[in-house]
Protein chains: 2
Amino acid sequence: MHILVVEDEKKVASFIKRGLEEEGFTVDLAHDGEEGVNMAMDKPYDLILMDVMLPKMDGLSAIKTLRQNNIQTPVLCLTAKDAVDDIVSGLDSGSDDYLTKPFAFAELVSRTKALIRRNSHDRGAELVFADIRLDPVSHKVWRADQEIDLTTKEYSLLEYFMRNPNQALSRTMIAEQVWDYTFDTFTNIIDVYVNYLRKKIDRNFDKKLIHTVRGVGYILREPE
Amino acid sequence: MHILVVEDEKKVASFIKRGLEEEGFTVDLAHDGEEGVNMAMDKPYDLILMDVMLPKMDGLSAIKTLRQNNIQTPVLCLTAKDAVDDIVSGLDSGSDDYLTKPFAFAELVSRTKALIRRNSHDRGAELVFADIRLDPVSHKVWRADQEIDLTTKEYSLLEYFMRNPNQALSRTMIAEQVWDYTFDTFTNIIDVYVNYLRKKIDRNFDKKLIHTVRGVGYILREPE
DNA sequence: ACAGCCCCATGCACATCCTGGTTGTTGAAG
DNA sequence: CTTCAACAACCAGGATGTGCATGGGGCTGT
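Residues numbered from 1 in each chain as written. Chains lettered and ligands numbered in written order. Predicted model: local features only at pLDDT ≥ 70, side-chain atom pairs only at ≥ 80, totals over all residues. Heavy atoms only, no water.

The strands making up a sheet associate through backbone hydrogen bonding, with each pair oriented either parallel or antiparallel. Residues and elements named next belong to chain B. Read from one edge of the open sheet, four strands run S6-S7-S8-S9, paired in antiparallel fashion. Looking along the sheet, the strands with just one partner apiece sit at the ends: strand S6 (127-129) and strand S9 (146-148). Within this sheet the neighbouring strands show an average axis-to-axis angle of 25°, counted without direction. The pairing of S6 with strand S7 (residues 132-135) spans three bridges and is antiparallel. (Pairing = 2+ DSSP bridges. Helix = DSSP H or I, 4+ residues; strand = E, 2+ residues; numbered from the N terminus. Axes fitted to C-alpha atoms, helices over the stretch in contact; angles between N-to-C directions.)

Below is the structure:
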């Protein structure tokens, strides 16, 4: 679950980032409106958290720009307490919900989850492929009803596979989704983690589910 | 958690209803003061959300009527921004908190939760998890019928765990609930206090109840 | 002044992540 | 069929991150 946080105050930004990551989200940061728009257009996010007061381009204009470019990612707006009028124009310009500063973090989390739940029908539901089960909420994974312990990175990688089964996934695509926004292409980190995953997911089972597509990448599918 | 919303404007009423339901509350609607009083006397609610300007019987009189009939359900009053005088008489007539229109919805939710929390705290019901008992009134704690001496902070921390058992609690959430920290991420105070708690709660017992969830926070649960 | 509590800073232990190198595999050209 | 180059799998060790334990300083109430 990827969230883009657009917030210029570094303290607030990193506070939100850390808190959301503890809740199991993957968080990217943008520090002004322009950067926010660029990042949101580059990569599909599940939610954008947008401060209204921003350098270069304010939050509301940023949302408008996104909507004009047909980016329909839901947006949760952060606004100063007294700027009630902003809220109205915020909803006008395409924001889906708002939160006034200062806010309780618990509040932010529940709004965030509500928006994501509302906007993505099947998200949050358990993912199943063959005899693998994956719970995106608790980040737990089972194969054949036996729980499997994964690290954060291993989990994200598997989640990406589970959301795109039976499709060959290129290293570039995997890097974008599972690793950071900018990425160094000359590393074998993905191979390494696929290897880790195979050890935990496939090694003790007859039916191998993670396959290599030579020259392309990897694929999650039933063996022939 | 059942909430009664007394509000004549249909748009506002259904907006509030929908929002609160998304937060997990069950919401009934009444459209004027009389209906509100009848419903509140019929069925015990955890909270009443009362508009002041209402047909048939205004909100303040409704509250008075309820209190005269010994209904002590907490009331959150909604009032127009300029009617500050109303607020005072509102508090007089037995309202527990108020909110001026127009309000941010997040504000409404957090006040709602605060009121319900405050009220259920006061019931002072003893909290029990496994063989830990905690009395919110006297702030005393027992494990296996043996009293355990905790400092104020240790106690608040444990109480938070006891009110949210079997859930991973992130450091951010703990900091917000137990300390009043908002943006201070550069301290290990929570780790330190969890350590204190473990010494007193878990150290002398076989069954450890406070567990670490790496990268997330802590959880109170039975060992596997 | 002292004791108790709260909080901070530090150092250690260990899990996780990543890099670089080595070995193994594949498929096409000779 | 053999050879070779490209690609993938695997391994080992170092860097980084995260949590735990502990000592001590500041503050407050006695």
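Following the sequence through the fold, Asp 46 of chain A ends up in the loop between helix H2 (33-42) and strand S3 (47-51). Within the structure, Asp 46 of chain A has its side chain in polar contact with the backbone nitrogen of His 2 of chain A (distance 2.7 Å). (Polar contact = N/O pair within 3.5 Å; in protein donor to acceptor, adjacent residues only side chain to side chain.)

Let us now look at the interface of chain A and chain B. Each side of the interface is counted separately: chain A has 22 residues, and chain B has 22 residues. Of the roughly 2,000 Å² buried between chain A and chain B, counting both surfaces, carbon and sulfur atoms make up 53%. In terms of surface lost to chain B, no three residues of chain A exceed Phe 15, Arg 18 and Glu 22 of chain A, which account for 29% of the buried area on that side. Applying the counting criterion to the chain A and chain B interface returns zero salt bridges. Where chain A packs against chain B, one counts four residue pairs in polar contact (both at pLDDT 80 or more). Of all elements in the fold, only helix H1 (10-22), strand S5 (97-101) and helix H5 (105-119) of chain A reach the threshold of two or more residues within the side of chain A that touches chain B. Tallying contributions element by element places H5 of chain A first for the side of chain A that touches chain B, with nine residues. (Contact = heavy atoms within 4.5 Å. Buried area = accessible area lost by both parts, 1.4 Å probe. Salt bridge = Lys/Arg side-chain N within 4 Å of Asp/Glu carboxyl O.)

The subject of this paragraph is the protein's contact with DNA strand D. Near DNA strand D lie 22 residues; those nearest to it are Asn 195, Arg 198 and Thr 212 of chain A together with Arg 198 and Thr 212 of chain B. A breakdown of the atoms of DNA strand D within 4 Å of the protein gives sugar and phosphate a share of 76%. Here a base nitrogen of DNA strand D sits 3.4 Å away from a polar atom, N or O, in the side chain of Arg 214 of chain A. Between a phosphate oxygen of DNA strand D and a side-chain N or O atom of Arg 171 of chain B, the distance comes to 3.3 Å. Counting residues per element, the ones that place at least two in the surface near DNA strand D are helix H8 (189-201) of chain A together with helix H8 (189-201) of chain B. A breakdown of the residues in the surface near DNA strand D according to their chemical character gives four nonpolar, eight polar and 10 charged. (Near = heavy atom within 4 Å. Nonpolar A, V, L, I, M, F, W, Y, C, P; charged D, E, K, R; others polar.)

Another point: the nonpolar core. If you look at soluble globular proteins, the nonpolar side chains tend to sit buried side by side. Ranked by internal contacts, the top residues of the largest apolar core, which has 49 residues, are Ile 16 of chain A together with Leu 158 and Ile 174 of chain B. Of the residues forming this core, the biggest block, six residues, is contributed by helix H6 (residues 152-163) of chain B. Not counting residues within four places of it along the chain, the set of residues in contact with Ile 174 of chain B comprises Leu 157, Tyr 160, Phe 161, Leu 169, Trp 179, Ile 190 and Tyr 218 of chain B. Counting residues in hydrophobic clusters, the runner-up holds 37 residues, among them Met 39 and Ala 40 of chain A together with Leu 47 and Leu 99 of chain B. (Core = buried A, V, L, I, M, F, W, Y, C linked by side-chain atoms within 4.5 Å. Buried < 20%, exposed > 50% of the residue type's maximum accessible area, 1.4 Å probe, protein only.)

Taken by themselves, the reported measurements are silent on function.
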